[in-house]
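Structural features, examined
Listed here are the chains, written in short residue letters.
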Amino acid sequence: MTAKEHINKVLEQVIKRNPGEIEFHQAVKEVLESLEPVINNRPEYIEANILERIVEPERVIIFRVPWQDDRGKVHVNRGFRVQFNSSLGPYKGGIRFHPSVNQGIIKFLGFEQIFKNSLTTLPLGGGKGGSDFDPKYKSDPEVMRFCQSFMTELQRHIGADTDVPAGDIGVGAREVGYMYGQYKRLRNEFTGVLTGKGLNWGGSLIRPEATGYGSVYFAQEMLTSRNDSIEGKTCVVSGSGNVAQYTVEKIIQLGGRVVSLSDSAGTVYDPAGIDEEKLNFVKELKRIRYGRIKEYAEKFKGVEYLEGQRPWGIKCDCAFPSATQNEISQADAEELCKNNCLLISEGANMPTEPGAVHRAHAACLLFGPGKAANAGGVAVSGLEMSQNSMRMRWSREEVDQKLQQIMKAIHKQCVEAAEEYGMKDNLVAGANIAGFVKVADSMLDHGVI
Ligand code: NDP
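**Focus: the pairing of strand E3 (residues 91–97)**
Most of E3 sits inside the fold, with seven of its seven residues counted as buried. Two elements, E3 and strand E5 (residues 163–166), share four bridges in a ladder whose sense is parallel. Across the sheet, residue Tyr91 finds its bridge partner in E5, namely Asp163. In this structure, E3 lies alongside strand E4 (residues 126–131), joined through three bridges in parallel fashion. Counterpart to Phe97 in the pairing with E4 is Ser131. As a crossover connection, the stretch from E3 through helix H6 (residues 103–119) into E4 is right-handed.

**Considerations on the site of the ligand**
The environment of the ligand is formed by 26 residues, the closest being Asp168, Thr211, Ser264, Arg292 and Asn349. With respect to the ligand, the side chain of Thr211 contributes an N or O atom lying 2.7 Å from an oxygen atom. Interatomic distance of 2.9 Å between a backbone N/O atom of Asn242 and an oxygen atom of the ligand. Taken by itself the ligand offers 880 Å² of open surface, and the protein chains cover 83% of this. Looking at the shell around the ligand, the elements with two or more residues in it are helix H9 (207–224), helix H10 (242–253) and strand E8 (260–263). Its residues assigned to classes, the shell around the ligand shows four nonpolar, 14 polar and eight charged.

**So, the pattern of salt bridges**
Enumeration according to the criterion identifies 30 salt bridges in this entry. Where Asp441 meets Arg42, a salt bridge forms, and the shortest distance between an N and an O atom there is 2.9 Å. Of the two residues, Asp441 is situated in helix H18 (residues 427–446) and Arg42 in the loop between helix H3 (36–41) and helix H4 (43–47); the sequence distance between them amounts to 399 residues. The partner of Arg310 in a salt bridge is Asp332, and the shortest N-O contact between them spans 3.8 Å. Of this pair, Arg310 sits in the loop between strand E10 (304–307) and strand E11 (318–320) while Asp332 sits in helix H13 (residues 330–338); the two residues are 22 residues apart in sequence, bridging distant segments of the chain. Exposure remark for Arg310: the relative accessible area of 45% places this residue in the partly exposed category.

**A short note on the sheet that holds E5**
Read across the sheet, five strands follow the order E1-E2-E4-E3-E5 without closing on themselves; strand pairing throughout is mixed. In the strand order of this sheet, the two ends are held by strand E1 (59–68) and E5, each with one partner. Within this sheet the neighbouring strands show an average axis-to-axis angle of 20°, counted without direction. Here six bridges tie strand E2 (residues 74–85) to E4, and the two strands are oriented antiparallel to one another.

**A word on the nonpolar core**
Counting 92 residues, the largest nonpolar core has Leu32, Phe111, Phe320 and Phe436 as the members making the most contacts within it. The residues contacting Phe111, other than those within four sequence positions of it, are Phe24, Ala27, Val28, Val31, Leu32, Ile54, Val55 and Phe84. Of all hydrophobic cores here, the second largest spans 21 residues; its members include Phe63, Phe133, Phe146 and Leu194.

**Considerations on the domain arrangement of the protein**
Taken domain by domain, the protein comprises domain 1 (3–54), domain 2 (59–190) and domain 3 (210–373). One C-alpha centre belongs to domain 2, the other to domain 3, and the line joining them spans 27 Å. Each partner contributes residues to the interface: domain 2 has 14 residues there, and domain 3 has eleven residues. Summing both partners gives a buried area of about 1100 Å² for domain 2 against domain 3, and 51% of it is carried by carbon and sulfur. Contact with domain 3 buries area across many residues of domain 2, yet Phe108, Glu112 and Lys116 alone supply 42% of it, more than any other trio. There are one salt bridge connecting domain 2 and domain 3. Close ionic contact of Glu112 with Lys371 constitutes a salt bridge, the shortest N to O distance being 3.4 Å. Linking domain 2 with domain 3 are four residue pairs in polar contact (both at pLDDT 80 or more).

**Some points on the environment of Val437**
Among the secondary structure elements, Val437 is positioned in helix H18. Along the backbone, Val437 and Ile39 are 398 residues apart, and their C-alpha atoms lie at a distance of 9.9 Å. In this view, Val437 contacts Val38, Arg42 and Tyr45; residues no more than four positions away in its chain are not counted.

**Observations regarding the sheet that holds E10**
Strand order in this open sheet of three strands is E8-E9-E10, and the pairing throughout is antiparallel. Only two strands of the sheet have a single partner each, and these edge strands are E8 and E10. The mean inter-strand angle of the sheet, taken between neighbouring strand axes irrespective of direction, is 20°. Across four bridges, strand E9 (residues 266–269) lies against E10 in antiparallel orientation. Residue pairing in the sheet places Gly266 in a bridge with Glu307 of E10.

Criteria and cut-off values
Residues numbered from 1 in each chain as written. Predicted model: local features only at pLDDT ≥ 70, side-chain atom pairs only at ≥ 80, totals over all residues. Heavy atoms only, no water. Buried < 20%, exposed > 50% of the residue type's maximum accessible area, 1.4 Å probe, protein only. Helix = DSSP H or I, 4+ residues; strand = E, 2+ residues; numbered from the N terminus. Pairing = 2+ DSSP bridges. Right-handed = clockwise from strand over helix to strand, strands pointing away. Near = heavy atom within 4 Å. Polar contact = N/O pair within 3.5 Å; in protein donor to acceptor, adjacent residues only side chain to side chain. Areas by Shrake-Rupley, 256 points an atom, 1.4 Å probe, with all protein chains shown as cover. Nonpolar A, V, L, I, M, F, W, Y, C, P; charged D, E, K, R; others polar. Salt bridge = Lys/Arg side-chain N within 4 Å of Asp/Glu carboxyl O. Axes fitted to C-alpha atoms, helices over the stretch in contact; angles between N-to-C directions. Core = buried A, V, L, I, M, F, W, Y, C linked by side-chain atoms within 4.5 Å. Contact = heavy atoms within 4.5 Å. Domains from an automatic or database assignment. Buried area = accessible area lost by both parts, 1.4 Å probe.

Shown next as structure tokens:
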């Protein structure tokens, strides 16, 4: 059987075995199709059926999460944890609270996480979790009761050496705090079972900043390869949550100009550029008041609010999708190309639809895939785990320096793997291949398990 036939067979089986899980199918297809030259070179992967094993999670946990709102009404949500692959280390990956969460979305995120974590150079397996709970417009006590109920079940499946969750969409410092408190109460242990913790109780400096900063460091590496830099570049950023905020902060620090932010209701276009004062307004708006980005346009002069729109029609040099999956369509990519955009760095997970990725490659855009470009978050989570194990804390500068080194190393691995397999400049293929080979070789070492 040729490599192509083998890959197609596995893809067909994934679609048959996981009906309706379209995001998971999309993520698997994207990875497997880029592995053809590797599978061609390494027949032992076919022999040991690595592909068929790697697309099957080691464990999927689904559970009921009952909770009461402030009026005493009982609600039931569904909780998930997908422990996808532990070849390189304990399962590691965030928890997402969003009404759209279902098994297919958590599996796509967990699958991506395997290769992302492999690229970080740290000993981390891949996993992901979440719930269809919507923290928007809920009171703090409601969010606390939900988190406590969620952790009451999850705690029996995780542990500092087994599975270490973190935040993701809808899960920030508040939610991690409530979940950590409940874990500690039930297990009577103070361990590094979650990352993204508060600084007073085991968190790492730079963890909140890490995904956004990392995405900009990755963009900087891509630009450096063309003797260019972020300085003076006009950038559009989507989202206005954790990743978006720190993406903006780092771009400003490096001398770029950010002209947009968004949320699920619309986009703000600020031609004058977002400065530190405006960014502080966004941080307060989103983290403390849980408000809508529209308020930014009401607060600052000269800002346009584009109701129901994404920012990709705004003229820019660099685009940083930092909200959610499939937020850049092929038509959006056309628009970006038409406006002479140079670069896309994926702060979010799988934000670019497959057709749009092809369009970006065809136009020779620098394209940083999420697995690589947003790996800074999990990398600093890995550093948080190291600090917890040592019962020590590194300084801000130390962690930031390590983050920069890791982003450089990830970029180098992607470039080298793409070149080795004859796909120069294709960092999508490079990331998939470099991430995959390490995991596949470890699976061979561990035998048929
Ligand atoms: P947050 O919850 O802090 O922010 C999410 C932002 O995206 C909000 O502005 C939200 O708007 C917007 N958004 C969410 N869903 C949609 C949607 N369906 N359509 C349009 N906008 C949407 O999450 P993060 O910033 O942590 O995560 C953003 C992305 O980055 C996700 O893809 C996540 O998986 C990825 N990521 C995050 C990491 C981390 O460390 N936090 C690490 C690696 C990747 P609204 O408020 O209206 O919902």
